[in-house]
Amino acid sequence: MSNDSQKKYPSSSTNYTSPYSDFTRSTTNKAGSVNDSDASCSSASSCSKSSHNSTTVDSAPAAISLGPTCLTEPILYSIIEVCQKETSYAFLIRTLGEVFSSRELIAQSFQKSSKSTLDAMLDKAPDDLKSMKKEDLRALENDPDKDEDCLASKEEPPQPHYTTVDLPSLKRSVKKLFEISLIFDPLNTALQNLGTSLSCEIRLLTKKEKIEEIITVFVIVFELIHNGASEFLEVALPSICCACAHLPIWAQARLACIWAEHCKEDLRQILINLQQLVTLQVIQVDYFGDYHIQSNEIVANATKVMKIVYYANMLAGEIEPPKYREDDPFDTHARSMHEDDDDDHTLSWNKAFKPSSSANMSQDPLAAELAVTILDCRKPYMPFEEFYNETLSDNVEMAHDYLNYTKNNMNQNSEPNSHFSFMLGYSFILTTATKTQGLFYGNRVRMFTERRLSEYQTIGHSHSPYLRLKVRRDHIIDDALVELEMFAMANPKDLKKQLKVEFAGEQGIDEGGVSKEFFQLIVEEIFNPDYGMFVHNLDSHNVWFNPTSFENEAQFTLIGIVLGLAIYNSIILPVNFPMVVYRKLMGMKGSFRDLEDFSPVLYRSLKSLLDYEENDMEDTFVQTFKITYQDVFGDTITHELKPDGDSIFVNQENKFEFVELYADFMLNKSIEKQFKAFKKGFQMVTDESPLHLLFRPDEIELLVCGSRDFDFNQLEETTVYVGYSENSQIIKDFWDIVHKLPIDLKRKLLQFTTGSDRVPVGGLSNVNLMINRSGPDSDRLPTSHTCYNVLLLPEYPSKEKLEDRLLKAINYSTGFGML
């Protein structure tokens, strides 16, 4: 803390008296004016001495006002003791009001005592040493004066998590204080006033020392608020959040570091309080319904403070070293795009693609200040899902949020976040299903833009407003590859048009259902082991890139485009990639921790090697830096992880290097060309998407593969009926049959009615199934419009006939025709 922050808060009165002479000792000179040199309250030791003067405390009448002073644990205990004896808490209430409405007094309260180096050593010394005299201990030191001089000359700048607050003392004081219920109302008022003054003050302050003082204030105040919970929810917390949200980015980063290092156990309660505040405001907005949630400043400010907690949560967890990042961890789109442009093996359609300038979206300033990203966090202190606010997610209008997001992107000269948007740096508070809506709006706007541009260009030309693919079922890979290559070479932006698929020889019109089957078929074929592009891991049931594939890179680019198009067109794919694929797509390299999902058997084997601590490792494991693996045909291939690796045995000194090289080869180097082509294809479609701003890798997997929660009760609850009702006998029979089906037939029913056997993000309640009456009893099978999730069901007279007709329909349905 600077000298400025240690100065005594100037009293509004130049001359005040108090019988608590030990609390305010030496604060007035003979003339009655404040003496700055003697009035400092930051010395915890002097405050402590005064607080233990029992004679003064016992004789002090509580009715006389105490002038402005800092608080320490002993002082607070003494004041409480006096008030309890006087059976009046008026003095305590006035003191709390004076201190907690003053930034200067709070910053000087509950500070760590400045003990000498020797005193600190004595605190940690064994009991037998503590009984020695200080003079004897000093005699054991070589040259204490010289040592202190050397330490002073080598003193390093404070760490980002450094704080002067004595947090253990503060926690004890707060616990003791909150045993008195009378103090909550005055504390609420004081903190509300404090927040109001800080909100104005922070914007005007330029000295870093003063901001540091305010950081100390927030450390103390949030300790109060999170312990008081609901008592401060509607008055103090909104005001404090408003002030905290105005902190400069570097100060927010400091606060996140302090919380992560010293207040881990408090993070959950701070988060719960903020979530309750947001929920309360959302309910009120929904009740009155007169404006958007984004316009509610209390919600915006609470979310901004929650972001500080979000990063503190990451820092308090397990963070991976920066060496596993790509070159630029904050711009995942433009990476690797210009590499190998002159490579003879790079196809023309890969060369044709250049990332859009708009793809270089603004990085999160707080992440940049902390030098950490969501991808760096292997395991947060609290699960990321605890930051979801269901009430907010259910009520927020993502169309309006996307509008604010685009305004902030377009108005580069305006104040940052002048139009608050959850999509722009605060998506952690939204559920995956809600964020998917934001992505949907962005993709649909892009599709509409490309369609309008094509319509303007069609004058005298043959430009199509859609991305039209015409494929044959028995040549689907070859046809898709040729057509997509033509689009990419002519204009890669055509890939951002709305997809329309036509199967040769079939009459189906694509309103979504035909595209779903196209993706289903192309994924089934391209992931077929006989095709040789991917290998199946029987241990993890995942698919992985074949490092010895005979297919050229264009095929891998195709599957990257297919994955991008599926996300862009809101279609779920039946793919089973390990999580490392999505992490690599977002800009990280694979590491040893990724092997746990990639190959559990290999991970456990290497983990046992790392955990082995005996000195006979070479004889026990007999492992060199030469490894073997099998290709898709079962042939054994060898690889040396380092030069002359066959002669270097793994031992206690190099086992970590071996494991790191092994993981790097398996997850990165062995598939470098294949994955680079795959990633290029993916980014051809998603380079302008806010995908990396909205989703974590695990959420992208959910976006691509759908949920694994096959809760058909949710589907029944949200299904609507035309010509039937939920009380119709055939509908009751239908659901009785469906609920008894095995999971494979339930998947087929989803495939038959929706065009996909996967559960969308958010669960089956988001399928929006419709069952229509399709005439009286007949021998016709049920039919469906997969584009609209409509099941056409004749009114069969018996449950047995319904079951027979339904099972035949879902087991033998392929192709599209006109009814």
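Treat the numbers as computed from the prediction; the structure is a model and nothing was measured.

Conventions and cut-offs
Residues numbered from 1 in each chain as written. Predicted model: local features only at pLDDT ≥ 70, side-chain atom pairs only at ≥ 80, totals over all residues. Heavy atoms only, no water. Helix = DSSP H or I, 4+ residues; strand = E, 2+ residues; numbered from the N terminus. Buried < 20%, exposed > 50% of the residue type's maximum accessible area, 1.4 Å probe, protein only. Contact = heavy atoms within 4.5 Å. Expected span 1.5 Å × (residues − 1). Polar contact = N/O pair within 3.5 Å; in protein donor to acceptor, adjacent residues only side chain to side chain. pLDDT = per-residue confidence, 0-100. Pairing = 2+ DSSP bridges. Axes fitted to C-alpha atoms, helices over the stretch in contact; angles between N-to-C directions. Phe/Tyr/Trp six-rings, centres within 6.5 Å; stacked < 30°, edge-to-face > 60°. Lys NZ or Arg CZ within 6 Å of the ring centre and 35° of its normal. Core = buried A, V, L, I, M, F, W, Y, C linked by side-chain atoms within 4.5 Å. Patch = residues over 30% accessible without salt bridge, like charges linked within 9 Å, V, L, I, M, F, W, Y side chains within 5 Å. Areas by Shrake-Rupley, 256 points an atom, 1.4 Å probe, with all protein chains shown as cover. Salt bridge = Lys/Arg side-chain N within 4 Å of Asp/Glu carboxyl O. Lys, Arg positive; Asp, Glu negative; His and termini not counted. Charge placed at Lys NZ, Arg CZ, Asp CG, Glu CD. Left-handed = near helix turned anticlockwise from the far one by under 90°. Nonpolar A, V, L, I, M, F, W, Y, C, P; charged D, E, K, R; others polar.

A.B. asks: When you look at the overall build of the chain in this model, what are you seeing that I'm missing?
C.D. replies: For the chain, the helix and strand inventory stands at 36 helices and twelve strands. The buried share of the chain, reckoned over its 819 residues, is 50%. Contacts in the chain between residues far apart in sequence, at least 24 positions, make up 75% of those at least 6 positions apart.

A.B. asks: Explanation requested: the environment of Met-579 in the structure shown.
C.D. replies: Inspection of the secondary structure assignment puts Met-579 in helix α25 (residues 579-585). As a C-alpha pair, Met-579 and Phe-598 span 19 residues in sequence and 7.6 Å in three-dimensional space. With residues up to four places along the chain from it excluded, the contact list for Met-579 reads Asp-597, Pro-697, Asp-698 and Glu-701.

A.B. asks: What's the story with helix α16 (residues 297-315) in this structure? I'm lost.
C.D. replies: Since the α-helix packs 3.6 residues into each turn, any two residues three or four apart lie on the same face. Counted at 1.5 Å a residue, the expected span for α16 with its 19 residues is 27 Å, and the 27 Å between its end C-alpha atoms agrees. The buried count for α16 comes to 15 of 19 residues, which makes it a mostly enclosed element. Capping the start of α16, Asn-296 holds a side-chain oxygen 2.9 Å from the backbone nitrogen of Ile-298, two or three residues further along.

A.B. asks: I would appreciate a short explanation of the confidence of the model for the chain in the present structure.
C.D. replies: Detailed reading of the predicted model is not advised wherever pLDDT is low. Per-chain confidence: the chain averages 79 in pLDDT, with 77% of residues scoring 70 or above. Confidence drops under a pLDDT of 50 for residues 1-66, and excluding neighbours within four residues, the segment shows 113 contacts in the predicted structure. Counted against residues more than four places away or in other chains, residues 329-361, with its pLDDT under 50, gives 82 contacts.

A.B. asks: Can you help me understand the pairing of strand β10 (residues 770-773) in this one?
C.D. replies: Sheet faces and side chains relate simply in a regular strand, where the side chains alternate between the two faces. Relative to β10, strand β9 (residues 720-722) runs parallel, the two being bridged by three bridges. The partner of Val-720 across the bridge, within β10, is Met-770. Direction of pairing for β10 relative to strand β12 (residues 790-793): parallel, over a ladder of four bridges. Within β12, the residue paired with Asn-772 across the bridge is Leu-792.

A.B. asks: Would you take a moment to explain the sheet that holds β12 for this structure?
C.D. replies: Neighbouring strands of a sheet are bound in pairs by backbone hydrogen bonds; such pairs are parallel or else antiparallel. Spatially, β9-β10-β12-β11 is the arrangement adopted by the four strands of the open sheet, whose pairing is mixed. Whereas interior strands pair on both sides, the edge strands pair on one side only; in this sheet they are β9 and β11 (783-785). Adjacent strand axes in the sheet meet at a mean angle of 25°, parallel and antiparallel pairs treated alike. Helix α35 (residues 743-754) rests against β11 and β12 of the sheet, and its axis sits at about 60° to β11.

A.B. asks: Explain the packing of aromatic side chains to me, please; I cannot follow it from the model alone.
C.D. replies: Applying the stated criterion across every chain yields a total of 36 aromatic pairs. Each ring, one from Tyr-310 and one from Tyr-311, has its centre 5.8 Å from the other, and the planes form 85°; the classification is edge-to-face. Among the residues examined, Tyr-311 registers a relative accessible area of 6% and is labelled buried. Judged by centre distance (6.0 Å) and plane angle (70°), the rings of Phe-440 and Tyr-441 are edge-to-face. Linked through ring pairs, Phe-527, Phe-534, Trp-544, Phe-545, Phe-556, Phe-577, Tyr-582, Phe-598, Phe-675 and Phe-678 together constitute an aromatic cluster. The ring centre of Phe-503 lies 4.2 Å from the NZ or CZ of Arg-473, which sits over that ring.

A.B. asks: Sorry if this is basic, but what is going on with unusual backbone geometry here?
C.D. replies: Residues other than glycine seldom take positive phi values, yet Ser-570 does so here, at roughly 55°. As for its placement among the helices and strands, Ser-570 is situated in the loop between α24 (553-568) and α25. Judged by its relative accessible area of 43%, Ser-570 falls in the partly exposed class. Positive phi values are uncommon outside glycine, yet Asn-768 reaches one of about 60°. Counting through the fold element by element, Asn-768 comes out in the loop between α35 and β10.

A.B. asks: What is the right way to read the nonpolar core from this model?
C.D. replies: Across soluble globular proteins, nonpolar side chains show a tendency to be buried alongside one another. Among the nonpolar cores identified, the biggest contains 188 residues, and Phe-100 and Phe-218 are the most heavily contacted of them. Those residues within four positions of Phe-218 in sequence are excluded, and the remaining contacts are Leu-198, Ile-202, Ile-240, Ala-243, Cys-244, Leu-247 and Leu-255.

A.B. asks: Can you help me understand a negative patch on the surface in this one?
C.D. replies: Taken together, the side chains of Glu-613, Glu-614, Asp-616, Glu-618, Asp-619 and Glu-653 make up a negatively charged region of the molecular surface. For Asp-619, the location among the structural elements is in helix α28 (residues 617-621).

A.B. asks: Please explain the packing of helix α13 (residues 236-245) against α16 as it appears in this structure.
C.D. replies: The packing of two helices is summarised by the inter-axis angle and the distance between the axes. Interhelical geometry of α13 versus α16 gives an angle of 65° and a closest axis separation of 8 Å. The way α13 lies across α16 gives a crossing that is left-handed. Where α13 approaches α16, its residues Pro-238, Cys-241, Cys-242, Cys-244 and Ala-245 are matched on the opposing element by Ile-298, Asn-301, Ala-302, Lys-304, Val-305 and Ile-308. Grouping the constituent residues of the contact of α13 with α16 by class yields nine nonpolar, one polar and one charged.

A.B. asks: How should the side chain of Ser-670 be read in this particular structure?
C.D. replies: Structurally, Ser-670 can be placed in the loop between α29 (655-667) and α30 (672-686). Since its relative accessible area comes to 15%, Ser-670 is described here as buried. Polar side-chain contacts of Ser-670 include one of 2.8 Å to the backbone oxygen of Phe-665. Among the polar contacts listed, one links the side chain of Ser-670 to the backbone oxygen of Met-666, at a separation of 3.2 Å. If near-sequence neighbours (up to four positions away) are discounted, Ser-670 is found in contact with Pro-547 and Phe-665.

A.B. asks: I keep staring at the pattern of salt bridges and nothing clicks. Help me out?
C.D. replies: A side chain of one charge can pair with a side chain of the opposite charge when the charged atoms of the two come close. Inspection of the entire model under this criterion finds 37 salt bridges. A salt bridge links Glu-212 to Arg-254; the shortest N-O distance between them is 2.8 Å. Of this pair, Glu-212 sits in helix α12 (residues 208-228) while Arg-254 sits in helix α14 (residues 249-262); the two residues are 42 residues apart in sequence, bridging distant segments of the chain. We note that Glu-212, like Arg-254, is buried. One salt bridge in this structure joins Asp-804 and Arg-805, with 3.2 Å as the shortest N-O distance. Residue classification places Asp-804 among the partly exposed residues on the basis of a relative accessible area of 34%. Through salt bridges with shared partners, a single ionic network connects Glu-385, Lys-435, Arg-696, Asp-698 and Glu-699.

A.B. asks: Help me out: how do you make sense of the environment of Phe-710 in this one?
C.D. replies: Looking at the element boundaries, Phe-710 is found in the loop between α32 (697-705) and α33 (712-718). The class of Phe-710 is buried, set by a relative accessible area of 18%. With residues up to four places along the chain from it excluded, the contact list for Phe-710 reads Ile-743, Arg-747, Leu-750, Asp-757, Val-759 and Leu-764.

A.B. asks: Please explain the side chain of Glu-699 as it appears in this structure.
C.D. replies: Position of Glu-699 among the secondary structure elements: in helix α32. One polar contact links Glu-699 to Thr-432, side chain to side chain, over a distance of 3.2 Å. If sequence neighbours within four positions are ignored, Glu-699 has contacts with Tyr-388, Thr-432, Lys-435 and Leu-694.

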